[in-house]
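As a plain string of letters, each chain reads:
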Amino acid sequence: MSNHLPINHSDVPIRLFKSNFLEFFTHISPLVVLIIWLPVGLFFLIRGIVTLPAGVSGLFIPFSFLFGLFLWTFSEYTLHRFLFHFEAKGETAQKIFFMFHGIHHAQPQCKTRLVMPPILSIPLAAAFYGLFYLIFKVLLNIPLWVAPTFSGFILGYLAYDMIHYATHHFAMRDGYLKYLKRYHMQHHYKTPTKRFGVTSPIWDSVFQTKPSD
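Position numbers for residues count from 1 along each chain, tracking the sequence in the order it is written. Restriction of local features to residues with pLDDT of at least 70 applies here, the model being predicted, together with a cutoff of 80 or more for giving and counting side-chain atom pairs; totals for whole chains, interfaces and linings are based on all residues. Hydrogens and waters are ignored; side-chain quantities use all the structure's heavy atoms.

(A) Structural context of the packing of aromatic side chains. Pairing of aromatic side chains requires ring centres within 6.5 Å, counting the rings of Phe and Tyr and the six-membered ring of Trp. Pairs whose planes differ by under 30 degrees are stacked, by over 60 edge-to-face, and all others tilted. One pass over the structure, following the stated rule, counts 29 aromatic pairs. When the centroid spacing of 5.0 Å and the interplanar angle of 75° are considered together, the rings of Tyr-129 and Phe-150 count as edge-to-face. With Tyr-129 in helix H5 (residues 118–139) and Phe-150 in helix H6 (residues 146–169), this residue pair connects regions lying 21 residues apart in the sequence. Its end group placed over the ring of Tyr-183, Arg-195 keeps NZ or CZ at 5.8 Å from the ring centre. Helical segments are the DSSP runs of H or I of at least four residues, strand segments are the runs of E of at least two, and each set is numbered from the N terminus. Two thresholds decide whether a charge sits over a ring: the Lys NZ or Arg CZ must be within 6 Å of the ring centre and within 35 degrees of the ring normal.

(B) Molecular detail of unusual backbone geometry. Even without being a glycine, Met-172 presents a positive backbone phi close to 50°. Even without a glycine there, the phi angle at Arg-195 is positive, about 55°.

(C) Layout of the packing of H5 against H6. For helices, the fitted line uses only the C-alpha atoms of the stretch in contact; every axis is such a line through C-alpha atoms, and the angle between N-to-C directions lies from 0 to 180 degrees. Contact geometry for H5 and H6: axes closest at 10 Å, N-to-C directions at 150°. Classed by the angle they form, the pair H5 and H6 counts as roughly antiparallel. Two packed elements cross with a definite hand, and for H5 against H6 that hand is right-handed. The segment H5 lies against H6, with Ser-121, Ala-125, Phe-128, Tyr-129, Phe-132, Tyr-133, Phe-136 and Lys-137 engaging Val-146, Thr-149, Phe-150, Phe-153, Ile-154 and Tyr-157. Three classes are used, and their members are as follows: Ala, Val, Leu, Ile, Met, Phe, Trp, Tyr, Cys and Pro are nonpolar, Asp, Glu, Lys and Arg are charged, and the others, Gly among them, are polar. Taken together, the residues of the contact of H5 with H6 sort by class into eleven nonpolar, two polar and one charged. Here the word oblique covers every angle except those under 35 degrees (roughly parallel), over 145 (roughly antiparallel) and from 65 to 115 (roughly perpendicular). With the far helix as reference, a near helix turned anticlockwise by less than a right angle produces a left-handed crossing, and one turned clockwise produces a right-handed crossing. In this analysis, two residues are considered to be in contact whenever any of their non-hydrogen atoms come within 4.5 Å of each other.

(D) Seen up close, empty space enclosed by the protein. A pocket here means an open set of points on a 1 Å grid, computed over the protein atoms alone, that has protein on both sides within 12 Å along at least five of seven lines. A cavity is instead a set of points where a 1.4 Å probe fits but cannot get out; residues with an atom within 4 Å of a point line either one. Grid points are joined across faces, edges and corners, and a volume is the space filled by probe spheres set on the points. Across all of its chains, the model carries two cavities of 30 Å³ or more by this definition. Size it by volume and the largest cavity reaches roughly 100 Å³. Lining the largest cavity we find Trp-37, Trp-72, Leu-79, Met-116, Ser-121, Leu-124, Ala-125, Phe-128, Phe-153, Ile-154 and Tyr-157. Residue assignment for the lining of the largest cavity shows that the elements contributing at least two residues are helix H3 (60–84), H5 and H6. The greatest single-element share of the lining of the largest cavity, amounting to four residues, is contributed by H5. Of the volumes computed, that of the second largest cavity is approximately 40 Å³. Forming the walls of the second largest cavity are Trp-72, Glu-76, Leu-79, His-80, Phe-84, Met-116 and Tyr-160. Sorting elements by how many residues they give to the lining of the second largest cavity places H3 first, with five residues. Broken down by class, the residue content of the lining of the second largest cavity amounts to five nonpolar, one polar and one charged.

What follows is the structure, encoded as structure tokens:
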């Protein structure tokens, strides 16, 4: 089962599970993503500010926050290219990766499969938090960087999911948003093995997956 099956334009979502219970978890509204992750992102930013020890300057906070945003753009690209577009060999693996992302390419306008479901996003967020904790606190001994960097990362992810939804369901007729919509639509309908950036083409340029046309 390839990630790049013929596009299904039906308004009826492709069913992934026979079980109604399991099928329920394959559908998600962007409002749910906002409700879950906006408070998380703001919590870690505020935590980074209010837990500053006395006498310690907070000038590093905006830089660590922006660094988190930067790390998200790289993660967005690598996850999209190497995980979601992984060409699995075995039948079981193919089905799993089809559920990850192939379903979105098979039915790109399905409104309830445009943002990452919590059953996937929560474990990924926990893994990245653990990675930041290991790097900044354990290895680099700068624990105050953990919270604001994670905040930037989470809010970068949130921007990605909202922009991704918008590219499929809003006009976006002006400026940079118009460019992003066209860029992402070309990924779907013209070059599914190129143009992996959704919020930015920067890493496509770096890794030469941005076509010249």
